[in-house]
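Listed here are the chains, written in short residue letters.
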Amino acid sequence: MASGRICRQHAMAVLARAVILLITATLTLGMARDSRAVHWLALIAIAALPASIGAAHQVIGPLARLAEIVLTALAAATLAATPSAGISAGQAAAAILPYLPVPVIAATLHRRKNETVWLLAVAGVVLGGAALLDPRLREVAYLGACAEWVVLTALAASIAGAQQHSLLARRNQPQPYAEATRLLTQLRGVARQLPGATLDPGGLAEHLLEDLQTTAPVTRAAVLSASGGGRLVVLAQHGAERVAWETALDTESAIADAWASQQPHTTNRSQARSGTSDPGEISALVVPLVAGVRTVGLVAMETDTPGAYPPHIVAKVIAIAAPAALRLEAALLFDEVRSLATTEERQRLAREIHDGVAQELVMVGYGIDNALAALPDVDAAAQDLRSLRSEVTRVITELRLSLFELRSEVDRYGGLTAAIADYARNVCASAGLRVHLSLDESTARLPAATEAELLRIAQEAITNARKHAGAENLWVTCIVDPPFAQVEVSDDGKGIADPHPGGRYGLTIMAERAERIRGRLEITPRVPNGTTVAVVLGTAPRRGSV
């Protein structure tokens, strides 16, 4: 394929050279009307033959193009020295000089910059030297025509070179899918070589906090990373009590200052939203995690001792945090790629189900309706068809709910509780269940991957209650106060005979999802009847405490 493209390009170059030579010959013969013009054109054509055939040759190409330049310049000078009646020296030279850019542009397209410069210099020397040797060529018209065509040739060569560079750069850029395949292959290989083969942002954040505890005094600490909406999310934290860290980047805090400046900040104020301790009683240190030129996260550390973070302690913390930034960035990028791939696959499955089996089932339902219309009511087969029609309707309803589940995502601005509430309302309405919602979500957000897993667990729990519990009421409780989160789904149905996750495939999937985000799945009987499925992430907050 590449050789065929090169052959086509070479043929087009030969054709373009021949066309320009023909145009130049027509202009020259039309103005000069001198036998010498024919001789010069024949010589230029002879030089153009090896310049076309051996254009890429290291020796033949440059020599042939040099011959073209010299012959064109000599022809212009000769015809201008004894112009035909009625035309000036400048007009006679300008008739044949349009061929001058051809060899120069050819050298440029073969990426020979030095040759291009030399050819332009030779053209200027020959044309100017002829004017010095022959007084008849010292006319302004001749000198102006020569200068004009030399400048035009230089501009044409520059434009051709720039266009070629742009096209080559675009051609050399890998295709998006090829580049994505290459990068993902490299990422897979690197992931297998990592300690513990982990690319979990939360796990890496916990390891970083463990390392920092051996270097600096820490009563409470957290690793935060960016999320949508100009806020931070808590990836991991350390402390006897869970801290509601300041996650807004538009407030006056050491966290916001460290993020913006990419420099460590120390302060005597707590970086918690609910901090109540007096200034001076707390030492706080915020160190940005910078990978290259990008801030990927922050480490916030606090202790209840004044002046606990002198410069030498800050330097040690930076030394530990600096290499962790690159590892965290790789984990966050991998997490984002995985989330995008999962979302795209769910959307693809939803489209295939909607356009495939769902439409076919609808057509089956229409066929049963037509058969029922044609049969008498007393026919025994009619009752069987009605039962079959009811079953088809039920399957279509299940498919529609499955499509809704596949396409449900946590909105960037709506939050986790809104997504769970929307799903519960739609599913329970179709099943005739009364749904009772209890939602409590702070302004801070969980990591996107964590929110997605919690949504899937809630969907599975709600679906199980709708399908198998035989319940009349459903209670959905969702509390989100990062890094803590609790999602609980209870029903008043018949309960689960085997509440262990290994007993049912759906429960096993929920347990795996909870483990993936380092959460706890709890399945317990509800009093007086029914089942409660809860997933808990982190430890519950103590309101009003630091």
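What counts, and at which threshold
Residues numbered from 1 in each chain as written. Predicted model: local features only at pLDDT ≥ 70, side-chain atom pairs only at ≥ 80, totals over all residues. Heavy atoms only, no water. Helix = DSSP H or I, 4+ residues; strand = E, 2+ residues; numbered from the N terminus. Buried < 20%, exposed > 50% of the residue type's maximum accessible area, 1.4 Å probe, protein only. Polar contact = N/O pair within 3.5 Å; in protein donor to acceptor, adjacent residues only side chain to side chain. Axes fitted to C-alpha atoms, helices over the stretch in contact; angles between N-to-C directions. Parallel < 35°, antiparallel > 145°, perpendicular 65-115°, else oblique. Left-handed = near helix turned anticlockwise from the far one by under 90°. Contact = heavy atoms within 4.5 Å. Nonpolar A, V, L, I, M, F, W, Y, C, P; charged D, E, K, R; others polar. Salt bridge = Lys/Arg side-chain N within 4 Å of Asp/Glu carboxyl O. pLDDT = per-residue confidence, 0-100. Pairing = 2+ DSSP bridges. Phe/Tyr/Trp six-rings, centres within 6.5 Å; stacked < 30°, edge-to-face > 60°. Lys NZ or Arg CZ within 6 Å of the ring centre and 35° of its normal. Expected span 1.5 Å × (residues − 1).

What to know about unusual backbone geometry
Phase 1 of the analysis: The omega angle of the peptide bond from V527 to P528 is 5°, so this bond is cis rather than trans.
Phase 2 of the analysis: Relative to the elements of secondary structure, P528 occurs in the loop between β9 (520-525) and β10 (531-537).
Phase 3 of the analysis: With a phi angle near 60°, R518 is a residue other than glycine that sits in the positive phi range.
Phase 4 of the analysis: With respect to the helices and strands, the residue R518 is situated in the loop between α15 (505-516) and β9.
Phase 5 of the analysis: Judged by relative accessible area, R518 falls into the partly exposed class, the value being 35%.

Side note on the side chain of S490
Phase 1 of the analysis: With respect to the helices and strands, the residue S490 is situated in strand β8 (residues 484-491).
Phase 2 of the analysis: According to the relative accessible area criterion, S490 is buried, its value standing at 6%.
Phase 3 of the analysis: At 2.9 Å, the side chain of S490 and the side chain of T532 are in polar contact.

Points about the packing of helix α5 (residues 101-109) against helix α6 (residues 113-133)
Phase 1 of the analysis: Contact geometry of α5 with α6 gives a least axis separation of 8 Å together with a crossing angle of 165°. Taken together, the axes of α5 and α6 are roughly antiparallel relative to one another. Considering only the axes of α5 and α6, their crossing is left-handed. Residues P103, V104, A107 and T108 of α5 lie in contact with α6, whose contacting residues are E115, T116, L119 and L120.
Phase 2 of the analysis: For the contact of α5 with α6, the class distribution of residues is five nonpolar, two polar and one charged.

Considerations on the pattern of salt bridges
Phase 1 of the analysis: Summed over the entire model, instances satisfying the criterion amount to ten salt bridges.
Phase 2 of the analysis: R136 is the partner of D134 in a salt bridge, and the nearest nitrogen-oxygen pair spans 2.9 Å.
Phase 3 of the analysis: Classification of D134 as buried rests on a relative accessible area of 17%.
Phase 4 of the analysis: Between R294 and E329 there is a salt bridge, with its nearest N and O atoms 3.1 Å apart.

Remarks on the confidence of the model for the protein chain
Phase 1 of the analysis: Per-residue confidence for the protein chain averages 77 on the pLDDT scale, and 73% of its residues sit at or above 70.
Phase 2 of the analysis: Per-residue pLDDT stays below 50 along residues 542-546; that stretch engages in 17 contacts with residues further than four places along the chain or on separate chains.

Some thoughts on the environment of A130
Phase 1 of the analysis: The residue A130 is located in helix α6 in this model.
Phase 2 of the analysis: Remark: the alpha-carbon pair of A130 and A73, spanning 57 residues in sequence, is separated by 9.0 Å.
Phase 3 of the analysis: Apart from the residues lying within four places of it in its own chain, the contact partners of A130 are A77, L137 and Y142.

Regarding α5
Phase 1 of the analysis: Most of α5 sits out of view: seven of its nine residues are buried.
Phase 2 of the analysis: Along α5, the residues that are buried comprise P101, V102, P103, V104, A106, A107 and T108.
Phase 3 of the analysis: Immediately downstream of α5, the backbone of R111 shows phi near 60°, a positive value.

Side note on the sheet that holds β8
Phase 1 of the analysis: With respect to topology, five strands assemble into an open sheet ordered β6-β7-β8-β10-β9, the strand pairing being mixed. Sheet topology places β6 (434-441) and β9 at the edges, where each strand pairs with a single neighbour. Strand-to-strand, the axes of this sheet are offset by a mean angle of 10°, without reference to chain direction.
Phase 2 of the analysis: Two elements, β6 and strand β7 (residues 473-481), share eight bridges in a ladder whose sense is parallel. Within β7, the residue paired with R434 across the bridge is N473.
Phase 3 of the analysis: The sheet strands contacting helix α13 (residues 416-431) are β6, β7 and β8, and the helix crosses β6 at an angle near 180°.
Phase 4 of the analysis: Taken strand by strand, helix α14 (residues 448-469) contacts β7, β8, β9 and β10, and its axis lies near 10° from that of β8.

Remarks on the packing of aromatic side chains
Phase 1 of the analysis: Inspection of the entire model under this criterion finds zero aromatic pairs.
Phase 2 of the analysis: Across the ring face of W475, the terminal group of R526 is positioned such that the distance to the ring centre comes to 4.1 Å.

Remarks on the sheet that holds strand β5 (residues 294-303)
Phase 1 of the analysis: Taken in spatial order, the five strands of this open sheet run β2-β1-β5-β4-β3, and their pairing is antiparallel. In this open sheet, the two strands that pair with only one neighbour each are β2 (232-239) and β3 (265-267). Neighbour-to-neighbour, the strand axes of this sheet turn through a mean angle of 15°, independent of strand direction.
Phase 2 of the analysis: In this structure, strand β1 (residues 220-226) lies alongside β2, joined through seven bridges in antiparallel fashion. Bridged to S225 within β2 is V233.

Let's talk about α14
Phase 1 of the analysis: Taking 1.5 Å per residue as the helical rise, α14 with its 22 residues ought to reach 32 Å, and the 31 Å between its terminal C-alpha atoms agrees with that figure.
Phase 2 of the analysis: Of all 22 residues that make up α14, 17 are buried, and the element is covered over most of its length.
Phase 3 of the analysis: Phi turns positive, to about 65°, at G470, one or two residues after α14.

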